[in-house]
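Residue strings, one per chain:
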Amino acid sequence: MSSFSVITKSIKKVYKTEGNSDTIALKGVDLQIEKGDMVAIMGPSGSGKSTLLHILGGIDIPTSGEVLIEGTDIYKLEDKELSRFRNENIGFVFQFHYLLSEFTALENVAIPLQIKGDKDAIKKAADILEKLGLGHRLNHKPPTLSGGEQQRVAIARAIVNNPKILIADEPTGNLDSENAKNVINLIKEISEKNLMTVIIATHDIEIAKYCRYIYYLKDGIIVNVEKN
Ligand SMILES: Nc1ncnc2c1ncn2[C@@H]1O[C@H](COP(=O)(O)OP(=O)(O)OP(=O)(O)O)[C@@H](O)[C@H]1O
Ligand SMILES: [Mg+2]
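The text that follows walks through the structure, step by step, so that each part is easy to find. Just so you know, these numbers come straight off a predicted model, no measurement behind them.

Of all the positions in helix 4 (residues 121-131), only Ala121, Ala125, Ile128 and Leu129 are classed as buried. Axial view of helix 4: buried residues confined to an arc of 100°, hence all on one face. Structurally, helix 4 contributes buried residues whose contacts are with helix 3 (105-115) and helix 5 (147-159). A positive phi of about 80° marks Gly133, the residue just after helix 4.

Let us now look at the site of ligand 1. Neighbouring ligand 1 are 13 residues, the closest being Tyr15, Ser45, Lys49, Ser50 and Thr51. If you list the elements that add at least two residues to the shell around ligand 1, you get strand 2 (23-33) and helix 1 (49-56). The element contributing the most residues to the shell around ligand 1 is helix 1, with three residues. Residue composition of the shell around ligand 1, by class: two nonpolar, ten polar and one charged.

Time to look at the sheet that holds strand 5 (residues 72-73). Taken together, the four strands give an open sheet; going across it, the order is 2-1-4-5, and neighbouring strands pair in antiparallel fashion. Two strands close off the open sheet at either side, each with one partner strand: strand 2 and strand 5. Sheet topology places strand 4 (residues 64-69) next to strand 5; two bridges connect them, and they run antiparallel. Counterpart to Ile69 in the pairing with strand 5 is Thr72.

Okay, unusual backbone geometry next. Backbone geometry places Asn162, a non-glycine residue, at a positive phi of 50°. Mapping Asn162 onto the fold places it in the loop between helix 5 and strand 7 (165-169). One non-glycine residue, Asp219, lies in the positive phi region at around 45°. Looking at the element boundaries, Asp219 is found in the loop between strand 9 (213-218) and strand 10 (221-227). Judged by local crowding, Asp219 falls into the partly exposed class, with 14 C-beta atoms found within 10 Å.

Basis of the calculations
- For every chain, the first residue of the written sequence is number 1, and numbering continues from 1 onward in sequence order.
- For naming, the first written chain is A and the first written ligand is 1, with later ones following in the order written.
- Totals for whole chains, interfaces and linings use all residues, but because this is a predicted model, local features are given only for residues with pLDDT of at least 70 and pairs of side-chain atoms are given and counted only at 80 or more.
- Any residue surrounded by 20 or more other C-beta atoms within 10 Å of its C-beta is treated as buried, while 12 or fewer makes it exposed and the intermediate range makes it partly exposed; C-beta atoms here are placed from the backbone.
- Put simply, DSSP H or I for four residues or longer makes a helix, DSSP E for two residues or longer makes a strand, and each gets a number counted from the N terminus.
- An arc is given here, and it is the one of the directions from the helix axis to the C-beta atoms.
- Residues are scored as being in contact if the C-beta atoms we place from backbone atoms lie within 7 Å.
- Only the C-beta atom, placed from the backbone, is used; a residue is near a molecule or strand if that atom lies within 6 Å of it.
- In this classification, the charged set is Asp, Glu, Lys and Arg, the nonpolar set is Ala, Val, Leu, Ile, Met, Phe, Trp, Tyr, Cys and Pro, and all remaining amino acids, among them Gly, are polar.
- When DSSP locates at least two bridges between a pair of strands, those strands are taken to pair.

So yeah, pure geometry; function would need other evidence.
So this is what it looks like as structure tokens:
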């Protein structure tokens with residue numbers, strides 16, 4: 001299975017807020033992430049991690065700079081093309097999970113597959129939830145799940161499609177260390193098997209150590225890169 005490289009050129013992001021002075025969230029970020037690589041983004045709260053991930057994931061337009069995913073300058077695509085590109089290639093785990101509260105855990109994970117016409121959607125969704133330790137919660141709706149359980153449903157939803165790139169914003173932030181290890185091991189296994197490129201924001205150095213590179217972000221710029 002092919003996978004995708006991610007290159008950014010001088011990404012800047014300025015948030016305009018009415019009545020207040022502008023917030024410069026990213027001040028020029030250059031990344032070169034190879035196909036199939038696993039990369040962690042660390043840095044203090046407010047340093048720009050979520051902003052950067054949203055921009056890498058085609059969700060939030062940078063104020064300036066380019067995002068090249070396997071050579072495609074994604075913000076030069078038309079809106080529809082960008083949505084399609086995102087749906088086909090990118091799995092995104094949001095810091096705040098955005099599950100559909102009217103649907104069960106199983107349905108939340110199966111729906112993206114069903115939209116694509118996958119006849120095995122339910123089985124695949126159940127399998128991945130089982131692997132994440134949620135076999136006993138398939139028919140629970142998100143409001144009846146714990147924060148960590150909801151987080152694992154969101155992870156299952158992002159990886160069930162076998163995306164070429166997984167972008168995960170603090171995917172283990174609500175998990176105990178055992179579940180966190182289980183999640184990162186599963187992500188690593190899928191990354192190695194399918195050459196899935198993985199970009200994870202985390203505050204947990206133990207999680208970051210699973211990645212080949214750790215980028216340190218501070219006040220909107222990369223201040224250090226470590227190789228594991
Ligand atoms: N929609 C927005 N409008 C205005 N400012 C924003 C917006 N989103 C983020 N910011 C600001 O941009 C900066 C970076 O925020 P971001 O969410 O990227 O940080 P983070 O590194 O993910 O933090 P955390 O570790 O707390 O999740 C912060 O100063 C934040 O207040
Ligand atoms: Mg964040």
